[in-house]
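Structural description and commentary
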Amino acid sequence: MKHLHHVGLFLLSCSCLLLCDAVPVRANIQREAEALVNRKASLAGANKSLRSFFDKGRFIITHVQSNTPGLCITMMHTAVDRWRHISCNSAGHIRKLDLNGASLNGTLDEFDFSAFPHLKKLILFENGLHGTIPAGIGNLTSLVQLDIGVNPYLRGIIPRSIFQLKHLVVLRLLDLGLDGTLPEEIGNLTTLEELRLSYVNLTGSIPQTIGMLMKLQALSLIGNNLTWSIPMEIGNMTELQTIYLQYNNLEGQLPGTISHLVKLQDIILSENQLLGHIFPGLWNSSLLETVNIANNNFSGMFPSSICVGGALTWIIAGYNGFTGLHHQTFQNCTTLRIVDFTANNIVAELRDCLSEHPGQLTTMAFSQNQLYGTLLTDQGEDFFRNRTYLRLIDLSNNSLHGGLSNCFWDLPYLEFMDLSSNSFGSVVPFSRTCQDNLKCLLLANNHFRGTFPLGLKKCKNLTTLDLGGNNLSGTIPSCHDLSGNSLSQEIPDGLTTLLGLRYLNLSGNYLSGRIPKGIGNLVLLESLDLSRNQLSGEIPPSFVSLKSMSTLNLSTNELSAGRIPMGNQLQTLVDPSIYSNNPGLCGFPLNDCMNSSTPNQNETSHAEDREALWLYCFVAAGFIFGFWLCWGIILFRTEVTKKIYSCTLFFQAKSNV
């Protein structure tokens, strides 16, 4: 019995402790609810579900005070729809507050962050918040994830209290109107795995203390105004998988310590001012998939063996100063899809650039370099034969020569091909087929000769064709850019049926006759150049239907039929030189015609003259008819009177007898 007495006392003590402990729990839950409901006073425009919560907020607090299981459970039972902006832990404390796209307008100044010691995730994306991020946000001592983004009117600096959140794993501040620097205290967030501070107007340098983030896997500082160089300490962040530093003003050379990042998958450093050589072995990660270093000032030979692990899919290095490629640069690049070295100073033979023929290649861009050679491999095969996934080929502005084969007609996914400004010769190869995806073919400024390749007529989706600056001859088909050739005869009417046409250049030929009357059917046409031909007659009135026209040149022809058509879009083309050297044109933007009346006014005047003439004729005819009618009546009456008088005399004489 004594033993049971001790057990009873023990249970009674435990019950008292639990009851005492439950009092602050309920108090904390009540404070969380009050903080949320009171938040309504400083916000406006909340969406429907958020207003539903605020409207029920007081009712919820009352139930919390009455020994309900907790705020979240009470809220679930009282809300009409499940509350999607909030979630709680098993004790009823708010664990996650997600106000993504909740249409909030106001400030965060009055928000009682200290009321949420158990909050793990705070998400404030796509709202209308303004003011600053309060320092009180540092009171969210249990916070693991902080997302504040797409609130461009949030101003001020990043509060340093954020860098005291010891449990923070994810920090995302995106598209905000902040300013200031990235403080050295960033190194305090040693548990951080994802850091994204993009488009928040950061200035200054990347602090060296960033190297203390040993667990960081994703680093994104896109679209700021960061300067100076990338710190050497970045090599300490050996867990890094992605580095996005594009659209800044970073300077200096790449730190060699990047080679320590053996888990790196993506590195994008484009649109900066980085310079110097890229030393071999910089890309030691066998997982590397994307490299984008375009629009910088790198120089020298591009390093070899960039595909150490054979995982690389993108290499974009355009608009730098690279002078060459190693023979082994693309060794093992079996998964390579995009290669872009546009606008460098690379001196190399084309077949040495991609000697291993990556079969999955979709984009090959080497424009504006000094490539030479032909479109043949070492084995004498066509360079494009095994590249069946190609969508874009740009080898323009190089020194390539030789002829073309039929292979490029057979590339099923090809959309864009630019071989212009090289030294290709011979005839453009003919094919009986044309793949449906081909939209743009640019072969201008080469040495192609012969007649126009009629096979291009089969390219139903071709919107841009440039064969200018070659030695083509014969009649013109319905196509797009044939400037600087020897084409003759008239522009065919069939050209006006190409309703998707946006660019048409027939300048510098020997075209004669009139501009087709139906040219106004090309309502999507943006650029038209018919200059330096022998076209005559009028500019068709249908020109006023070319609502998309932004570039026009009809100069140096024999157009001589008066006034330039008037239209809203044509009125925006104010340069008179686009109509120059045509003997008979007048009207805006040239000198006005001698007879300032418009054709419509002239037609109206002629119509009025004709109406007046007919009126005069009718009046004259009416007068003549009336005159003779009167005389006819008089004469008729005279004759009738005479006959009546004779009859009267006759009957009188007869009666006397």
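Before any of the text, the structure's been laid out above.
Residues numbered from 1 in each chain as written. Predicted model: local features only at pLDDT ≥ 70, side-chain atom pairs only at ≥ 80, totals over all residues. Heavy atoms only, no water.

**Comments concerning the overall build of the protein chain**
This is how it is decided: The way it works is that DSSP assigns letters per residue, a run of H or I at least four long becomes a helix, a run of E at least two long becomes a strand, and they are numbered from the N terminus. Relative accessibility decides the category of a residue: with a 1.4 Å probe and only protein chains considered, values under 20% of the type maximum give buried, values over 50% give exposed, and everything between is partly exposed. Any two residues whose heavy atoms approach within 4.5 Å at even a single point are treated as in contact. In this description, accessible areas are obtained by the Shrake-Rupley approach with a 1.4 Å probe, and a residue is regarded as covered only by the protein chains that are shown.
Check the secondary structure of the protein chain and you find 5 helices and 42 strands. Scored against the burial criterion, the 657 residues of the protein chain give a buried share of 46%. Counting only contacts in the protein chain whose residues sit at least 6 apart along the sequence, the fraction spanning at least 24 positions is 52%. Accessible surface for the protein chain amounts to roughly 32,200 Å². Of this, 55% is attributable to carbon and sulfur atoms.

**Remarks on the sheet that holds strand β15 (residues 251-252)**
The criterion, for reference: Pairs of strands are assigned from DSSP output, requiring at least two bridges between the strands.
Taken in spatial order, the 4 strands make up an open sheet running β15-β17-β19-β21, and their pairing is parallel. One side of each edge strand has no neighbouring strand; the edge strands of this open sheet are β15 and β21 (321-325). In this sheet, β21 lies alongside strand β19 (residues 297-302) in parallel orientation, the contact comprising 4 bridges. Paired with phenylalanine 302 across the two strands is leucine 325, which belongs to β21.

**Thoughts on the pattern of salt bridges**
This is how it is decided: What counts as a salt bridge is simple: a side-chain nitrogen of Lys or Arg found within 4 Å of a carboxyl oxygen of Asp or Glu.
Evaluated as defined, the whole model comprises 8 salt bridges. Between arginine 172 and glutamate 194 there is a salt bridge, with its nearest N and O atoms 2.7 Å apart. Here arginine 172, found in strand β9 (residues 170-176), pairs with glutamate 194, found in strand β10 (residues 194-198); they are 22 residues apart in sequence, far enough to count as distant. For glutamate 194, a relative accessible area of 14% translates into the label buried. Notably, a salt bridge pairs arginine 196 with glutamate 194, separated by 2.5 Å at the nearest N-O pair.

**Considering the state of the cysteines**
Where we set the bar: The disulfide criterion used throughout: a pair of cysteine sulfur atoms within 2.5 Å.
Taken as a whole and judged by the stated rule, the model has 2 disulfides. Here cysteine 307 connects covalently by a disulfide to cysteine 333, the sulfurs 1.7 Å from one another. Residues cysteine 307 and cysteine 333 are joined through a disulfide that is right-handed, its torsion about the S-S bond being 90°. Residue cysteine 307 is located in the loop between β19 and β20 (314-316), and its partner cysteine 333 is located in the loop between β21 and β22 (338-340); the two are separated by 26 residues in the primary sequence. The class of cysteine 307 is buried, set by a relative accessible area of 2%.

**Here's the deal with unusual backbone geometry**
The amide bond that connects phenylalanine 588 to the next residue, proline 589, takes the cis arrangement and shows omega of 5°. Following the sequence through the fold, proline 589 ends up in the loop between β42 (585-586) and α5 (599-656). The phi dihedral of tryptophan 228 is positive, around 65°, even though this residue is not glycine. In this fold, tryptophan 228 is placed in the loop between β13 (225-226) and β14 (242-244). Since its relative accessible area comes to 60%, tryptophan 228 is described here as exposed. Here tyrosine 319, not a glycine, exhibits a phi torsion of approximately 60°, which is positive. Given the relative accessible area of 43%, tyrosine 319 is considered partly exposed.

**A few points about the sheet that holds strand β39 (residues 551-553)**
Note the cut-off: Orientation is described by lines fitted to C-alpha atoms, with helices fitted over the stretch in contact, and by angles between N-to-C directions that extend from 0 to 180 degrees.
Pairing is parallel across the open sheet formed by 3 strands, whose spatial order is β35-β37-β39. Because the sheet does not close on itself, it has two edges, and the strands there are β35 (503-505) and β39. The sheet shows a mean angle of 10° between the axes of neighbouring strands, taken without regard to direction. Here strand β37 (residues 527-529) runs beside β39; their pairing, made up of 3 bridges, is parallel. Each bridged residue has a counterpart across the sheet, and for serine 527 the counterpart in β39 is threonine 551.

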